[in-house]
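# Architecture at a glance
So you can see what is in the structure, the chains are spelled out below.
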Amino acid sequence: MTRYGKWASKDFLNFSVRYRCTVDESSEVVRQRREKAKALADQGVELYPNDFKVSHSVEDVRKHIGKKDTAADDSTFFAMAGRIVGLRSFGRAAFLHFKDYTGQLQAYVKKDEVGEDAYELFKQVDIGDFIGIKGTIFQTKTGEWTLLAKGICLLCKAVRPLPEKFHGLRDPEKRYRQRYLDLIMNPGVRDIFINRARIIRAFRDYLLEQGFLEVETPMMQPIPGGAEATPFKTFHNALGMELFLRIAPELYLKRLVIGGVDRVFEINRNFRNEGVSSRHNPEFTMLEFYAAYATYDDLMNFTEEMFRFVTQRVFGATHFTYQGMNIDLDGPWRRLTLKEALSDLGGIDSSLFNDRKRLLDFAESKGIHITKKGRRGKILTKLFDVLVEPKLTEPTFITGYPVEISPLARRSSSDPDMTERFELFIGGYEIANGFSELNDPIDQKKRFLDQAKNREEGDEEAHYMDEDYLLALEYGMPPTAGEGIGVDRFVMLLTDAPSIREVILFPLLKNISY
RNA sequence: GGGCCGUUAACUCAGUCGGUAGAGUAUCUGCCUUUUAAGCAGAGAGUCGCGCGUUCGAGCCGCGCACGGCCCA
């Protein structure tokens, strides 16, 4: 058996078994629909034509209706297209609802209007098919504006039925795997992704307005840097080169600051080889930006302003509720040091902070198992994650992060063990992380060496040594502050989504299982 | 990684004590030219996630696996 033989045959087996179960030749509904499609084709009907010209969208028609003098006998002619989402047939006439991107409209198809032949064909279309309809609008008895079909044609035959009209598609697994069905059946889903796009656009507009340049830096990096996280590995065949999907764009953006781009940002995907949960997807969207001559303190103020701008622009208010929590973005936001938060909100006696052993005992007593042996900073942040983070519902900046867990941040001028760094929490989620940048190449080298030691001691998330970045730093980086914002989580907050999967169109799921 | 829950018709869900597999929607047939969760009459539709076990007999009980959800780590 070849090296791949076992896997190949196993995968093939899995695939074929599942294929048989899922692509249901046995499903009566699908079989019937295929037969209908074939019957239509046999009658000379083209099942997938592309020559229908649309003159108006549903939204166009709504606007037309909204005009003051649209009369019941309006004679404007519309050529419209969409997917049939409801159908009520009466033998020689039928009402249907069809949907395009802009909305949904009722149409009335009468044998008298479209002719006998066309009506015979129409009787063979199903919910889920795309159709083109030409006609005029009128109001029904109940006052609903309706397209009276003068002509109708099939634009695309669907051979699988849509989910049930009343309950829609509920099964979360199917919703994510077949997001197209989710989008067709559950209107709120579309709104989330429309709002997501608006939020990202508002961030972009704000930063552009402030003189930032938008860039794209490598997704595939020879040395993954800019965060403490486990990367995905890949390989470039022609170059014979190991590469990593980026865990952050940080070191490249800072190279650009060195290159004279004083204000720079990127909105793009990061990849972290970690567990999946309601707040973690292995690929997620990060907004990262850097401003020369700014400090972490400036960025906190900047972040408040930017968040208020985005929220106001997209939702018309700066307060909202997230999962029942009232969250108000009006400033100024609370600022606490890590230690203050741990003692005031976490209930940890401050005398424990410098005693690693007692900290570990305390963690154990709270049922918090610390897997990362070693560094005190890691223990503190772990305790913070469990005891404090969930309590930070109102926007809160946490500052005072120790150097050992902030290898890229500038030391605090007043306390060399601390960094000029903050993290932002809203709704119990970590939303942003920013700091004054470390631009002393000698200190940076020392920090990398410390990290390398941690890596040798088994910390897979420790930062890699990056000589090329040190080289860049030696050419001089101006005093700079930078920040990363977790876009998905911010979208979660603003769309009241309980899981990150609700704001990512195609969240990562394990292989096939329909 | 651990715990709990789920997986039954295309979809949403019932399924009692272990004893022939159910409903609504969708589909099919018939009637119906202003309905809108259209209506009326009838019909078809299932590898009960997968495997093994217990049992005369398993959708149901036990074990294992897969996928998903929630919580914890």
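The numbers attached to residues start from 1 for each chain and follow its sequence in the written order. In the order they appear in the text, chains get letters beginning with A and ligands get numbers beginning with 1. The predicted nature of this model means local features are confined to residues of pLDDT at least 70 and side-chain atom pairs, given and counted, to a pLDDT of 80 or more, with totals for whole chains, interfaces and linings taken over all residues. In computing side-chain values, all of the structure's heavy atoms are included and hydrogens and water are not.

## Quick look at the environment of Asp468
Put simply, DSSP marks the helices as runs of H or I at least four residues long and the strands as runs of E at least two long, and each gets a number from the N terminus on. Here Asp468 shows up in helix α15 (residues 467–474). Three exposure classes are used, based on accessible area relative to the maximum for each residue type with a 1.4 Å probe and protein chains only: buried under 20%, partly exposed in between, and exposed over 50%. Note on Asp468: relative accessible area 44%, which makes it partly exposed. On a C-alpha basis, the gap between Asp468 and Ile223 in space is 9.4 Å, while along the polypeptide they are 245 residues apart.

## Some details on helix α8 (residues 187–209)
To estimate the expected span of a helix, count its residues, drop one, and scale the result by 1.5 Å. Over its 23 residues, α8 extends 33 Å from the first C-alpha to the last, a length consistent with the 33 Å expected when each residue adds 1.5 Å. Those residues of α8 that fall on the buried side of the exposure criterion are Val189, Ile192, Phe193, Asn195, Arg196, Ile199, Ile200, Ala202, Phe203, Tyr206 and Leu207. Backbone geometry just downstream of α8 places Gly211 in the positive-phi region, at approximately 85 degrees.

## Description of the nonpolar core
Leu287, Phe289, Met306 and Phe307 are the most contacted members of the largest nonpolar core, which totals 47 residues. Not counting residues up to four positions away in its chain, the partners in contact with Met306 are Phe203, Tyr206, Leu207, Leu287, Phe289 and Ile485. Residue types Ala, Val, Leu, Ile, Met, Phe, Trp, Tyr and Cys, when buried and joined through side-chain atoms within 4.5 Å, form a set referred to as a nonpolar core. Counting 28 residues, the second largest nonpolar core, distinct from the first, contains Leu40, Ile65, Val125 and Trp145. Contact criterion: two residues are considered in contact whenever any of their non-hydrogen atoms come within 4.5 Å of each other.

## A word on the sheet that holds strand β8 (residues 233–236)
Pairing is antiparallel across the open sheet formed by three strands, whose spatial order is β7-β9-β8. Edge positions in the sheet fall to β7 (220–221) and β8, since each has one partner strand and no second. Two strands make a pair as long as DSSP finds a minimum of two bridges between them.

## What to know about the packing of aromatic side chains
Pairing of aromatic rings covers Phe, Tyr and Trp, the last through its six-membered ring, and needs centres within 6.5 Å; plane angles under 30 degrees mean stacked, over 60 mean edge-to-face, and all others mean tilted. Within this structure, the stated rule accounts for 19 aromatic pairs. Taking 5.6 Å as the distance between ring centres and 65 degrees as the angle between the ring planes, the aromatic pair formed by Tyr206 and Phe302 counts as edge-to-face. Of this pair, Tyr206 sits in helix α8 while Phe302 sits in helix α10 (residues 296–315), placing them 96 residues apart in sequence. Owing to a relative accessible area of 12%, Tyr206 belongs among the buried residues under this scheme. Judged by relative accessible area, which is 14%, Phe302 ranks as buried.

## Some words on the domain arrangement of chain A
Bear in mind that the domain bounds are from an automatic or database domain assignment. The domain architecture assigned to chain A consists of domain 1 (44–156), domain 2 (187–333 + 394–502) and domain 3 (338–388). The centre of domain 1, based on its C-alpha atoms, is set 65 Å off from the matching centre of domain 3.

## Concerning the pattern of salt bridges
Criterion for a salt bridge: a side-chain nitrogen of Lys or Arg within 4 Å of a carboxyl oxygen of Asp or Glu. All chains considered together, the criterion is met by 35 salt bridges. Glu304 is paired through a salt bridge with Arg308; the nearest N and O atoms lie 3.2 Å apart. Note that Glu304 and Arg308 are positioned in helix α10 at a spacing of four residues, about one turn of the helix. Residue Glu304 is classed as buried on the basis of its relative accessible area of 4%. Ionic pairing is found between Lys357 and Asp361, a salt bridge with its closest N-O pair at 2.9 Å. Pair noted here: Lys357 and Asp361 are both in helix α12 (residues 356–365), with a separation of four residues, about one helical turn. Three or more residues joined by partner-sharing salt bridges are found here, namely Arg33, Lys36, Asp126, Asp129 and Lys157.

## Re the protein's contact with RNA strand B
What makes a residue near a molecule or strand is one non-hydrogen atom of that residue sitting within 4 Å of it. Near RNA strand B there are 48 residues, and of these Gln32, Asp112, Thr142, Lys165 and Glu173 occur at the shortest range. Within 4 Å of the protein, the contacting atoms of RNA strand B are drawn from sugar and phosphate to the extent of 62%. The definition of a polar contact used here is a pair of N or O atoms within 3.5 Å, where within protein one atom must be able to donate a hydrogen and the other to accept one, and adjacent residues in sequence count solely through side-chain atom pairs. In the environment of RNA strand B, a base oxygen lies 2.7 Å from a nitrogen or oxygen atom belonging to the side chain of Arg88. Only α1 (5–22), α2 (28–42), β1 (78–89), β2 (93–100), β3 (103–110) and α6 (172–177) provide two or more residues apiece to the surface near RNA strand B. Counted by class, the surface near RNA strand B contains 13 nonpolar, 15 polar and 20 charged residues. When residues are grouped by polarity, Ala, Val, Leu, Ile, Met, Phe, Trp, Tyr, Cys and Pro land in nonpolar, Asp, Glu, Lys and Arg in charged, and all others, Gly among them, in polar.

## Remarks on the sheet that holds strand β11 (residues 283–292)
Taken in spatial order, the eight strands of this open sheet run β6-β10-β11-β18-β17-β16-β15-β14, and their pairing is mixed. Taken across any chain shown, the strands that pair with only one partner, and hence form the sheet edges, are β6 (213–214) and β14 (334–337). Two elements, β14 and strand β15 (residues 396–399), share four bridges in a ladder whose sense is parallel. The residue bridging Thr337 from the neighbouring strand is Thr399, located in β15. Axis definition: a line fit to C-alpha positions, over the contact stretch in the case of helices; interaxial angles, taken between N-to-C directions, run 0 to 180 degrees. Against the sheet, α8 touches β6, β10 (263–271), β11 and β18 (480–486), its axis set at about 150 degrees to β10. Taken strand by strand, α10 contacts β11, β14, β15, β16 (421–426), β17 (429–436) and β18, and its axis lies near 25 degrees from that of β16.

## Re the side chain of Glu389
Considering the arrangement of structural elements, one finds Glu389 in the loop between α13 (376–388) and β15. Those residues in contact with Glu389, other than ones at most four positions away along the chain, are Arg279, Phe384, Phe425, Gly428, Tyr429 and Glu430.

## Some thoughts on the pairing of strand β5 (residues 145–156)
Consecutive side chains along a regular strand alternate between the two faces of the sheet. Relative to β5, β3 runs parallel, the two sharing three bridges. For Tyr108, the partnering residue across the bridge sits in β5 and is Leu148.

## A word on the environment of Asp361
Given a relative accessible area of 40%, Asp361 falls into the partly exposed group. Within the local environment of Asp361, its side chain forms a polar contact with the side chain of Lys357, the two groups lying 2.9 Å apart.

## Focus on unusual backbone geometry
A cis amide bond links Gly331 with the next residue in sequence, Pro332, at an omega value of -5 degrees. With phi around 70 degrees, Tyr293 is a residue other than glycine that occupies positive phi space. Summarising the element assignment, Tyr293 is placed in the loop between β11 and α10. Take Tyr293: its relative accessible area is 57%, and that puts it in the exposed class. For Asp496, which is not glycine, the phi torsion reads 55 degrees and is therefore positive. Counting through the fold element by element, Asp496 comes out in the segment after α16 (487–495).

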